[in-house]
Amino acid sequence: MINLKVNGQSLLSDAPPDTPLLWVLREELRLTGTRYGCGLGLCGSCTVHLNGQAVRSCQINVGDVGAAAITTIEGLHQAGAHPVQKAWVEIQVPQCGYCQSGQIMQAAALLAQNPNPTDKDIIEGMNGNLCRCATYPRIVGAVKRAVQMMKETNHG
Amino acid sequence: MAKDNLPNVSRREFLVRSAALSGGAFLSIGVPPALMSGAAAAAAEPATAAFTPSIWFTMTPDGTTTMHIVKAEMGQHIGTAFAQIIAEELEVPWSKVRLDMPLESVEDFAVYGLAYTVNSGSVTTEFDRIARAGALGRIALTEAGCKLLGAQMANCHAAEGRVIDKASGKSVSYGEILQKVKLDRKFSYPNDFKQVKLKDRSKYKIIGKSVPALDIPAKTNGQAKYGMDVFLPGMAYGALAIPRSRYGAKVQSVDDSAAKSIPGYLKSVTIDDSIGKCTGWVVALAETYPAAVKAARALKITSDPGPHGSLSLDGIMEDFSERLKRPEESAAWVLEGDVDAAMPASEKQLEAQYTSDMVCHATMEPINCVVQHASDDSWHVHIGTQSTSFLRMTLTGYLAKVLNKKPEELKVYVHQYLVGGGFGGKQDYDDALAAAYCVKELGRPVKFIQTRESQFATSFPRTPTLHKLKAGVKNGQLTAMNHDIVCGWMGPRFAVGKQFNNGTDWLQLDSVDGKKADIDQWSIGGSDHWYHVPNHRVRAWNSDKTTWSVQASALRTVSNSYNMFVVESFMDEVAHAAGKDPVEFRLAMLNGKGGNRGIPNTGYPAGTPSDYYMDQLWISLPWPNPDTWPKYESGTVGGALRLANCLKVAAEKAGWGKKLPPNTAMGVALSSAEERQSPTWVAGIAEVTVDPSSGKYRVNKLTIAMDMGLAINPNNIKAQIMGSALWGASQVMSERLTYKNGAIEQTNFHEYQPIRQVDVPQFDIHLIESGRHPVGVGEPASTVVAPAVANAIFRAVGARVRHMPITAEAVLGAMNKKTA
Ligand code: FES
Ligand code: FES
């Protein structure tokens, strides 16, 4: 049994330690918001936070997570109202939606580290996340909008 | 979507239940049995009595209106568009609108018709009839409300979910009406349907407004549900071992001794491929998905590679060149004037050969599904698919075959989920057949997910193509044009039924050359452009070998994606030869005369794409009679002049002709995708900078002007245009699928590279609302980008690249050729 800290809860997994975290989250813990796209760290669909850092959950074995705190899209904000999520709805980013959990988790980690990103920071920071619907322009727009929202709450 | 919590419940039960929950009253409008042919009417009879079921919407006494969306939700936000159209005429407040996706079954097929989402056709084909359904609902409610208010009909109207009596100023809400009155208003088909007066567009309050898409919030918080997000008790997992060939392999032996040591491994199943689907497929089954993947990789399979086992892309291109030498085997698609006479009579002739590579859909969601054989002997597929109805029909036929039953004995249901990207790549259904076969073999529900690797290996690519073009120019005008196209035709592959139904030629049109040979519109369309060329001929060759070996299929805009690249690149070549500006040259040919006038306002039958005749499939099923629907206006009305207008707008907005930095230029291209009879008019201008030392280029900006008749949701249309234009950019810049020894070579996103954030250009988008019938917006813009980029590269550095994708090496090569 492996003890995992997911979205603030302590959860048990009986998966073999070499199981990619992605599949434990999705199929065992049924946190299906984390998506499988490539399994090789090439697309970013499976992005979650490990101690606040954006990581590709398809590239981490569940046995290696240890005591690190895992955050999935379901746990980013209890009401789904993280500034990045709000900006995503306001700017109407998602099309098919499949890549968007990963995009949002990537963006949220990016902004946690760099609350004042330049356009270049955003574009480069989001470049690892594929979107086949090519919602790219709106992703950049929404990250900028989230920056604004975060400032408003900080100053308000 | 409501259906998530209603597993295995048929539409009728859903309605009964919601009625019980909500106090016994709801409004719905059903299609009367009269609308359907005999068998269909019988099937639909119990379902369409009184007001159940609704095919388009259901309203409950709390005033909530749930729109039933039979189209796949795959990023185009079609549910929101349909809901806007219905809500507008029904006069319900937008805040009370919800969406769901009906279950696909034999019974509901008779009511809803074909659930199939392709061709950017959803709004085009459904707009009229769903607007009328909304209007009839409003009339029924207004009459009932008027009675409740004791008012005169002439004084009553509906707005914002209320019926209002102008005389007394009193009003009653739709919800109250439903609570107090049992509605029993019948409308006749087709007369009432045809005659109901639709709103004047100037009165629109919801159509034309950029309301937020109803499916978006769930896509930001992890709640959105795709096929693989379903869990059923006792479910096992399946992963596909990569078949030896893309198509036609035959499994000879499977050794699973290594797989047996993987904890959780259950068994391997060689899929019955006797209907020509899933050829050479072996699926490993296990208790978890990672175990299934491991096991699939551990299987030692020997296969006969089948008839295409030694075929490679080179061989396909050689086959194309050989065919081109045999004009007697071609079929003519366009035949105007006399090309053979006009060509020598011209002053200047030019010839060019173009080619395009294979590409595939590579949807971010790999194909997946969950299949269950329920205790009542019914079969359930949980899936996000574009081919909801075809999947059910094919699976019914397949199960009948492998279970040795009659199709009529089988109850097959398709539960539709969100589609994580379609682009034409989710209209095949091998995965569902394979999963169902595994369910039969294992006796447990199975969740089947393609690994990215098996997804590439079994993708349904766009065919490679070879084109030969010839033009004759006289007095600075294009007087003669010949376009020869060789490729794999996808139509014959889709006509699986052919093999079961004695070789009918459904999906194929007749050639126009007197041979009346089969010709595949989906492989040739787009070459029938809207320019006035007095002598114009298009001839096509089918490389059947290619179709079957690579499994050629429809990919976003279908044949337009290569034909527009070729036609529009060549138009610039001709303009250059004629010494004309590319914009002026095009405008002169877009005169809207003759055949390019567009079809006069006769229209098409709503909701039933006339090209698909499902009764040709081996399972004959009820089909709504197309003649009884009101006709809608053809998208061709206005013809080439609308395309000219788009071009003028794009050229003006982009500042065509303005001075640009060195090695930077604009290129232009037009498109009328999807088909000649269903055009969306679009002009695109790409500004591109080329690095002459490396041949690398960057698309700086895309200016796009599109005439879609009526913009249902402008903000979403802009998103669709950006997404599809970037799809086009991706195809011209970096996407390439290759084929070797019968198999697709690429395995994952390091080898197949769609566009990413760093390559995204700026956008300037202009929506042109010409007041005509609304047409599709999710695809057409993708077709102008490749040729506009090619033309810009030529204007920037003089390099004409006649192959898609355009690599830096090719640009460099073409530049050197120019200087040599
Ligand atoms: S699924 Fe993990 S990066 Fe693609
Ligand atoms: S929204 Fe469809 S893949 Fe990104």
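Refer to the preceding data block for the structure.
Reading guide: rules and limits
Residues numbered from 1 in each chain as written. Chains lettered and ligands numbered in written order. Predicted model: local features only at pLDDT ≥ 70, side-chain atom pairs only at ≥ 80, totals over all residues. Heavy atoms only, no water. Pairing = 2+ DSSP bridges. Helix = DSSP H or I, 4+ residues; strand = E, 2+ residues; numbered from the N terminus. Axes fitted to C-alpha atoms, helices over the stretch in contact; angles between N-to-C directions. Contact = heavy atoms within 4.5 Å. Core = buried A, V, L, I, M, F, W, Y, C linked by side-chain atoms within 4.5 Å. Buried < 20%, exposed > 50% of the residue type's maximum accessible area, 1.4 Å probe, protein only. Buried area = accessible area lost by both parts, 1.4 Å probe. Salt bridge = Lys/Arg side-chain N within 4 Å of Asp/Glu carboxyl O. Polar contact = N/O pair within 3.5 Å; in protein donor to acceptor, adjacent residues only side chain to side chain. Nonpolar A, V, L, I, M, F, W, Y, C, P; charged D, E, K, R; others polar.

Asker: Please explain the sheet that holds strand β5 (residues 156-159) of chain B as it appears in this structure.
Answerer: The strands that make up a sheet pair up through hydrogen bonds in the backbone, lying either parallel or antiparallel. Residues and elements named next belong to chain B. The strand order across the open sheet formed by 3 strands is β5-β6-β7, and the pairing between neighbours is antiparallel. Of all strands in the sheet, those bounded by a partner on one side alone are β5 and β7 (171-173). Across the sheet, the mean angle from the axis of one strand to that of its neighbour is 20°, orientation sign disregarded. Pairing of β5 with strand β6 (residues 162-165) involves 4 bridges; the strand directions are antiparallel. Of the residues in β6, the one forming a bridge with C156 is D165. Helix α5 (residues 122-149) contacts β5, β6 and β7 of the sheet and is inclined by roughly 50° relative to β6.

Asker: Quick question: what am I supposed to make of the environment of V758 of chain B here?
Answerer: On the secondary structure map, V758 of chain B appears in the loop between β32 (743-744) and β33 (762-768). Those residues within four positions of V758 of chain B in sequence are excluded, and the remaining contacts are I123 and N127 of chain A together with R698 of chain B.

Asker: Looking at this structure, how should I read the nonpolar core?
Answerer: Residue and element names in this part refer to chain B. By size, the foremost hydrophobic cluster in this structure holds 187 residues, and its most contacted members are Y697, I793 and V811. Examining the composition of this core, we find that 10 residues originate from one element, helix α21 (residues 782-797), more than from any other. Look past the residues within four positions of V811 in its chain and what remains in contact with it is V690, G695, Y697, I793, V797, A799, V801 and I806. Judged by nonpolar contacts, the second largest core, of 45 residues, contains I86, V123, V172 and L178.

Asker: Is there a simple way to think about the interface of chain B and chain A in this case?
Answerer: Where the parts come together, the accessible area they lose is often given as the size of the interface. Across the contact, 62 residues belong to chain B and 45 residues belong to chain A. With both chains or domains summed, chain B and chain A bury close to 4,300 Å², and 60% of this area falls on carbon and sulfur atoms. Looking only at chain B, the three residues that lose the most surface to chain A are M364, R756 and Q757 of chain B, adding up to 19% of its buried area. Taken together, chain B and chain A are joined by 5 salt bridges. Linking K294 of chain B and D18 of chain A is a salt bridge whose minimum nitrogen-to-oxygen distance equals 2.9 Å. The interface formed by chain B and chain A contains 29 residue pairs in polar contact (both at pLDDT 80 or more). Elements supplying a minimum of two residues to the side of chain B that touches chain A: α8 (289-298), β18 (446-449), α13 (452-457) and α20 (714-733) of chain B. No other element matches the 9 residues that α20 of chain B contributes to the side of chain B that touches chain A. Taken together, the residues that form the side of chain B that touches chain A break down as 31 nonpolar, 19 polar and 12 charged.

Geometry only, nothing functional implied.
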